[in-house]
Amino acid sequence: MNNANIFSQSGILILLFLVAIPVVAAAIILIIKARAFTIRYLKRKEQEKFYMGLKNMSPEEVQQLEQRKKELEFSLSNNELSGNTMPSDTRGLVNNINHKEDLRFISSKKKGQQRPSIDPHLSKLILWFLGCSVFWLLLGTSVGEYLGIKFTAPDIDHFSWLSFGRLRPVHTNMVFWGWASLAMVGLCYYVVPRVSNVPINSIKKGYYTLYLMNASVIIGSIFLMAGINNGGGEYREYIWPVMGLFGLGIIISLINFLRTIAKRATKEIYVSNWYIIAAMMFLLTIAFVAYWPSWQNGLGETIVQGYYMHQGVGMWFMLLNLGLMYYFLPQQLNKPIYSYSLGILAFWTQILFYTLIGTHHFIFSAIPWWLQTVAIVGSAGMVIPVVAGTTNFLMTFNGSWKKLSTSYTLPFYLIGIIFYFVGSLQGTAEAFRFTNLIWHFTDFTVAHSHLTMYGIISFMLWAFFYTIVPRLTGKEPPHITVGAHFWLALIGLLFYTIPLMIGSTMRGLMWLDGKPFIDTVSFMAPFWLWRAIGGTLMWLSHILFAYNFYVMVKSREEFPIPTTPSEILKAKQALA
């Protein structure tokens, strides 16, 4: 294909359109920035003119300001009518008037206490983690948006670097290791020292993790686009040196957190730290098992793939997010977690059952029948931690439902909890042999993965973002754009998943009836259109989220001009 007809390809045109959106947005931001710069310049000039006038102020004008300052600062001494003599109070009418008995039938209330401030250096580190994660969310889901369009128009391009086989792992790995992982680790740098009641052991090591994780995603994405990949299975397309950088970053932060917890000022280790430390240890174990070459052959690789794929979701993303939820939800509701014991029950039962369920992706395959059965039993056992965790969170919500109407963060928490229950139990239902026979190898798995990784992980992370960033920066996002982000993400997710689940069920039944494969492909076309529509709404919500994050972290230079005589005189003294 020559360069003359490159731009006649609809895929290239769509790609250019997608690229044009951030370019146009950047141009708009540039115009806004230029306008703000002009306004700041004019204010600075006005300020300079004011101070130039102060230098040329005459002694008479200074005297007038001094006189006006005394007039404004004058206040009564409250003894103009009584003098300085103490009143005679033989009956105790005056001396006892300030003493008041509390009403016995009204319990005394504690006043709200200001939250302790966070180290500004640690705050900067956390914001860098969160800012990088927002960037990867935008970029990764822009790739996903293009892939969704390709489902409705599969021939829109004919270039290897835009092929579905290369872009799909770019999308999944970018949102897994770039968006979700960076956000979670950044939030851990807030939670771990906070619940340990001590400073973080080393801020410098946090930056090492930040650099290594970002380097892993950048290098891995470039390699995937170039066709250099592991080729061993889904979600482990990064070659081992690239994943090694990511693992090294996690090791550094794990040691950092362990040393912080070891110095804790509290006797107990709060449940959040249980989840966080366990998730990081499991991630290292999962990655080692997935990339060690000894068993990467035949059925061994298939079993390892099932283990890695499901443990990555359940023992890294899910486990760590639940740990963050155990801190942020009670703190946001201003009440303790409903049951600490339920949290510990959910923790240990998730470790017991989730580590067994990976091979339920390979029901009716050549792997041993007993191993398939163990995976199904483990999937059914997941009902225990899911119900325990959901009950714990909803009972913590109990009595605070009215706060939903006035809070822009709690709806994200609630939707995340709801999807945690629905998505996790849907995974249990998929594991049974009959439903697996219908749904496996269809887009039902895609719908399920988005219900969990998007409905649970992303909604929870957004809740944590909107909770913590205003505390670190002192700035809140516009409530209208937070609401738009919430509804676009939620409606988009429903448009994405529900049609796919319906169409995939019918497609699986068509396969069982022996229908030609190509007929089932044509049948799915309208459901893939809904997928593209839902994905577009989700993608638009991410743009709003990025804008909200920008509003929360941007700094604004102020140019105050003194107005009162006292302020003007202080400015005059500063110039002297």
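Residues numbered from 1 in each chain as written. Predicted model: local features only at pLDDT ≥ 70, side-chain atom pairs only at ≥ 80, totals over all residues. Heavy atoms only, no water.

**Q** In this structure, what is going on with the nonpolar core? I would like to understand it.
**A** For soluble globular proteins, the rule of thumb is that nonpolar side chains tend to be buried together. Judged by nonpolar contacts, the single largest core of 140 residues is most densely connected at Trp177, Trp179, Trp316, Phe328, Phe459 and Phe464. The residues contacting Trp177, other than those within four sequence positions of it, are Leu182, Met213, Val217, Tyr235, Tyr238, Met243, Phe246, Leu283, Tyr308, Trp316 and Phe317. Counting residues in each nonpolar core, the second largest holds 6 residues, with Leu54, Met57, Leu65 and Ile568 among its members. (Core = buried A, V, L, I, M, F, W, Y, C linked by side-chain atoms within 4.5 Å. Buried < 20%, exposed > 50% of the residue type's maximum accessible area, 1.4 Å probe, protein only. Contact = heavy atoms within 4.5 Å.)

**Q** Whenever I open this one, the packing of helix 8 (residues 298-333) against helix 14 (residues 444-473) confuses me. Can you help?
**A** Working note: a packed helix pair is described by the angle between its axes plus the distance between those axes. Across the interface, helix 8 lies against helix 14 with an axial gap of 10 Å and an inter-helix angle of 40 degrees. By the criterion of interaxial angle, the relationship of helix 8 to helix 14 is oblique. When you trace helix 8 past helix 14, the crossing you get is left-handed. Here Val313, Phe317, Met318, Asn321, Leu322, Leu324, Met325, Phe328, Gln331 and Gln332 of helix 8 lie close against helix 14, whose contacting residues are Met453, Ile456, Ile457, Met460, Leu461, Phe464, Thr467, Ile468 and Arg471. Split into classes, the residues belonging to the contact of helix 8 with helix 14 amount to 14 nonpolar, 4 polar and 1 charged. (Axes fitted to C-alpha atoms, helices over the stretch in contact; angles between N-to-C directions. Helix = DSSP H or I, 4+ residues; strand = E, 2+ residues; numbered from the N terminus. Parallel < 35°, antiparallel > 145°, perpendicular 65-115°, else oblique. Left-handed = near helix turned anticlockwise from the far one by under 90°. Nonpolar A, V, L, I, M, F, W, Y, C, P; charged D, E, K, R; others polar.)

**Q** How do you make sense of the packing of aromatic side chains when you look at a structure like this?
**A** Between two aromatic rings, the relevant description is the distance of the centres plus the angle of the planes. One pass over the structure, following the stated rule, counts 48 aromatic pairs. Aromatic pair Phe159 and Trp161: ring centres 6.1 Å apart, planes at 40 degrees, arrangement tilted. Classification of Phe159 by relative accessible area gives buried; the value is 17%. Relative accessible area serves as the criterion here: at 39%, Trp161 is assigned to the partly exposed category. Relative to Trp462, the ring of Trp179 has its centre 6.4 Å away and its plane inclined at 35 degrees; by these criteria the two rings are tilted. With Trp179 in helix 4 (residues 164-196) and Trp462 in helix 14, this pair connects stretches of sequence that are 283 residues apart. You can call Trp179 buried: its relative accessible area is 2%. Judged by relative accessible area, Trp462 falls into the buried class, the value being 0%. (Phe/Tyr/Trp six-rings, centres within 6.5 Å; stacked < 30°, edge-to-face > 60°.)

**Q** Where do I start with a nonpolar patch on the surface in this structure?
**A** Nonpolar side chains collect at one region of the surface, where Trp487, Ile491, Leu494, Phe495, Ile498, Ile502, Met506, Leu529, Trp530 and Ile533 lie side by side and expose about 880 Å² of accessible area between them. Elements that contribute at least two residues to the nonpolar patch include exactly helix 15 (479-512) and helix 17 (525-553). The element contributing the most residues to the nonpolar patch is helix 15, with 7 residues. Topologically, Trp530 is positioned in helix 17. (Patch = residues over 30% accessible without salt bridge, like charges linked within 9 Å, V, L, I, M, F, W, Y side chains within 5 Å. Areas by Shrake-Rupley, 256 points an atom, 1.4 Å probe, with all protein chains shown as cover. Salt bridge = Lys/Arg side-chain N within 4 Å of Asp/Glu carboxyl O.)

**Q** Can you walk me through empty space enclosed by the protein in this structure?
**A** In this approach a probe as big as a water molecule rolls over the atoms, and the regions it shows empty are the leftover space. With the rule as written, the count across this model stands at 2 cavities of 30 Å³ or more. In this structure, the largest cavity encloses a volume near 110 Å³. Elements that contribute at least two residues to the lining of the largest cavity include exactly helix 12 (410-431), helix 13 (433-439) and helix 14. With 3 residues, the single largest contributor to the lining of the largest cavity is helix 12. For the lining of the largest cavity, the residue count by class is 2 nonpolar, 8 polar and 1 charged. Together, Phe176, Trp177, Tyr235, Tyr308, Met309, Gly312, Val313 and Phe317 line the second largest cavity. Elements with a contribution of two residues or more to the lining of the second largest cavity: helix 4 and helix 8. Class assignment of the residues belonging to the lining of the second largest cavity gives a composition of 7 nonpolar, 1 polar and no charged. (1 Å grid on protein atoms, 1.4 Å probe; cavity = no way out; pocket = protein on both sides within 12 Å on 5 of 7 lines; lining within 4 Å. Points joined across faces, edges and corners; volume = space filled by probe spheres on them.)

**Q** How should I be thinking about the packing of helix 15 against helix 17 in this particular structure?
**A** Following both chains from N to C, one finds helix 15 and helix 17 inclined at 160 degrees, their axes separated by 7 Å at the closest point. What the angle tells us is that helix 15 and helix 17 run roughly antiparallel. As for the relative orientation of helix 15 and helix 17, their crossing is left-handed in sense. For the contact of helix 15 with helix 17, a count of residues per class yields 21 nonpolar, 8 polar and 2 charged.

**Q** Would you explain the side chain of Thr409 in this entry?
**A** Residue position: Thr409 is located in the loop between helix 11 (383-397) and helix 12. By relative accessible area, Thr409 is classed as buried at 3%. Side-chain polar atoms of Thr409 contact the side chain of Ser407, separated by 3.1 Å. Residues in contact with Thr409, not counting those within four places in the same chain, are Gln332, Ala463, Tyr466 and Thr467. (Polar contact = N/O pair within 3.5 Å; in protein donor to acceptor, adjacent residues only side chain to side chain.)

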